[in-house]
Amino acid sequence: MFNYKIVLLGDFGTGKTSLINRYVDDSFREEYLSTIGVSISNKTIDTLINNKVYTSNTMIWDIEGKTEFKPILSHYLSGAKGFIIVVDVTRKNTINLIEEHLILCEKTEPNLPICIALNKSDSEHEEIDLINFKKLYPNIIFITKTSAKNNSNIEKLFKALSEKIIEQLL
Ligand code: GDP
Ligand code: MG
C-alpha cells in the first residue's frame, strides 16, 4: 500500500475545494466557503500499471489560495509527491499566475509531477494555450479542462497524477 501526499494550489476561488469535494464525495456547492489554513482529505484508489493493480492512499491537501495580500506558504507543499495547479478559466489573472505557482512547487519540491486544471470550463471562456509552458516545465505531465460543477475530467486529472507518482515510487 502506497501512502502519499498531493497538494492543490492556485489562487483563491479557482475551485480547489470544489474539485476535491467532487473527487472524494461526489458533491458540489454553489456558495463560496473559503478554506482557512489547510484541510486534508483521504482517498483510497486502485491504479493499474503494467497489468498490476496498486492500491494507494492519497492524502489530498487543500490549502488556502493565494490572494493579493497573502502568499501560499511553502511549508504546506513540503513532503508532497505531486501537485495540481488550479486556475479559473473565467479569470485571466489566475492563468497569468500559473508560472508563479510552478516556481513555488519547483523551489519547495523540485522535479515532481505537476498537473494543471483549467477549471470552471462549464462557464464561457476564451481558449487557453499552454503549449509553451509544457516546453519550459517538462514535469507538467497533464493539462486538462475541468468542471467541478459538471464533474468533467476530474477522475482523469487525479488518475494521471497518481499513475505518475506510483511509477516513480515503484
Ligand atoms: P477555492 O478557493 O479554490 O477552494 O474555490 P472553491 O472550490 O471554494 O470554489 C469557489 C467558487 O467557485 C464556489 O462558489 C464554487 O461553487 C465555484 N466553482 C468551483 N468549481 C466550479 C466549476 O467547475 N464551475 C463553476 N461554474 N463554478 C465552480
Ligand atoms: Mg478552498
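Data block above holds the structure.
What you are looking at is a predicted structure, and each value in this text was computed from that prediction instead of being measured.

Draft legend 1. Representation of the pairing of strand β3 (residues 52-63). The pairing of strand β1 (residues 2-10) with β3 spans seven bridges and is classified as parallel. If you follow lysine 5 over to β3, its bridge partner there is methionine 59. Counting the residues between successive antiparallel strands, the hairpin from strand β2 (residues 38-49) to β3 contains two residues, one of them, asparagine 50, with a positive phi of roughly 50°.

Draft legend 2. View of the coordination of the magnesium ion (ligand 2). Protein-derived coordination of the magnesium ion (ligand 2) comes from Thr17 (OG1) and Thr35 (OG1), at a distance range of 2.1 Å. Of this pair, threonine 17 sits in helix α1 (residues 16-25) while threonine 35 sits in the loop between α1 and β2, placing them 18 residues apart in sequence. Using a relative accessible area of 26% as the deciding quantity, one classes threonine 17 as partly exposed. Since its relative accessible area comes to 18%, threonine 35 is described here as buried.

Draft legend 3. Helix α5 (residues 154-169), seen in detail. In a regular helix each residue adds 1.5 Å, so 16 residues correspond to 22 Å; α5 covers 23 Å between its end C-alpha atoms and thus fits that length. Listed as buried for α5 are Ile154, Leu157, Phe158, Leu161, Ser162, Ile165 and Ile166. In an axial view of α5, the angular spread of the buried residues amounts to 150°, which keeps them on one side of the axis.

Draft legend 4. The state of the cysteines, seen in detail. Within the structure shown, the criterion is met by zero disulfides. Lacking any disulfide linkage, cysteine 105 is separated from the closest cysteine sulfur, that of cysteine 115, by 11 Å. The class for cysteine 115 is buried, based on a relative accessible area of 0%.

Draft legend 5. Here's a closer look at the nonpolar core. Grouped together as the largest cluster of nonpolar side chains are 25 residues, with contacts concentrated most on Leu9, Leu77, Phe83, Ile85, Ile98 and Leu102. Secondary-structure elements contributing two or more residues to this core are β1, β3, β4 (82-88), α3 (98-108) and β5 (114-119). Other than its neighbours up to four places away in sequence, leucine 9 contacts Lys16, Ile63, Ile72, Leu77, Phe83, Ile84, Ile85, Val86, His101, Leu104 and Cys105. In this structure, Tyr54, Ile84, Ile154 and Phe158 belong to the second largest nonpolar core, which totals 22 residues.

Draft legend 6. Up close: the side chain of asparagine 139. Summarising the element assignment, asparagine 139 is placed in the loop between α4 (131-136) and β6 (140-145). Ignoring any residue separated from it by four or fewer positions in sequence, one finds asparagine 139 in contact with Glu106, Asn111, Leu112, Pro113 and Ile114.

Draft legend 7. Structural context of the layout of surface pockets. Space inside the largest pocket adds up to approximately 640 Å³. Forming the walls of the largest pocket are 28 residues, and the residues nearest its centre are Gly13, Gly15, Ser18, Glu31 and Tyr32. Among the elements of the structure, α1 and β3 are those that each provide at least two residues to the lining of the largest pocket. Considering each element in turn, the lining of the largest pocket owes the most residues, four residues, to α1.

Draft legend 8. Representation of unusual backbone geometry. Notably, asparagine 51 is not glycine yet its phi reads approximately 65°, a positive angle. Residue placement: asparagine 51 occurs in the loop between β2 and β3. Take asparagine 51: its relative accessible area is 75%, and that puts it in the exposed class. Backbone geometry at asparagine 111 places phi at a positive 65°, although glycine is not the residue there. With respect to the helices and strands, asparagine 111 occurs in the loop between α3 and β5.

Draft legend 9. Quick peek at the environment of leucine 8. Examined against the element boundaries, leucine 8 turns out to sit in strand β1. We classify leucine 8 as buried; its relative accessible area is 0%. A sequence separation of 54 residues divides leucine 8 from aspartate 62, and the C-alpha atoms of the two residues are 5.7 Å apart. Those residues in contact with leucine 8 that sit more than four places away from it in its chain are Lys16, Leu19, Ile20, Ile60, Trp61, Ile63, Ile84, Val86 and Phe158.

Thresholds, definitions, all that
Counting from 1, residues in each chain are numbered in the order their sequence is written. Chain letters start at A and ligand numbers start at 1, both assigned in the order the entries are written. Reporting of local features is limited, given that this is a predicted model, to residues whose pLDDT is at least 70; pairs of side-chain atoms are given and counted only at 80 or more, and all residues count toward the totals for whole chains, interfaces and linings. Remark: hydrogens and water are excluded; side-chain values derive from all non-hydrogen atoms of the structure. Being paired, for any two strands, means DSSP has found at least two bridges between them. Each helix corresponds to a stretch of at least 4 residues labelled H or I by DSSP, and each strand to a stretch of at least 2 residues labelled E; elements are numbered beginning at the N terminus. Metal donors were taken as nitrogen, oxygen and sulfur atoms no farther than 2.8 Å from the ion, or 3.2 Å where the ion is Na, K or Ca. Water is excluded, so coordination may look unfinished. Remark: exposure states derive from per-residue accessible area (1.4 Å probe, protein chains only) relative to the maximum for the residue type, with buried under 20%, exposed over 50%, and partly exposed in between. Helix span, as expected, comes to 1.5 Å for every residue beyond the first. It is the directions from the helix axis to the C-beta atoms whose arc is reported. The disulfide criterion used throughout: a pair of cysteine sulfur atoms within 2.5 Å. Joining through side-chain atoms within 4.5 Å is the link that ties buried Ala, Val, Leu, Ile, Met, Phe, Trp, Tyr and Cys residues into a set, and such a set is a nonpolar core. Should any heavy atoms of two residues lie within 4.5 Å, those residues are considered in contact. Detection works on a 1 Å grid of protein atoms alone, calling trapped sets that fit a 1.4 Å probe cavities and calling open sets with protein on both sides within 12 Å along at least five of seven lines pockets, with lining residues defined by an atom within 4 Å of a point. Grid points are joined across faces, edges and corners, and a volume is the space filled by probe spheres set on the points.

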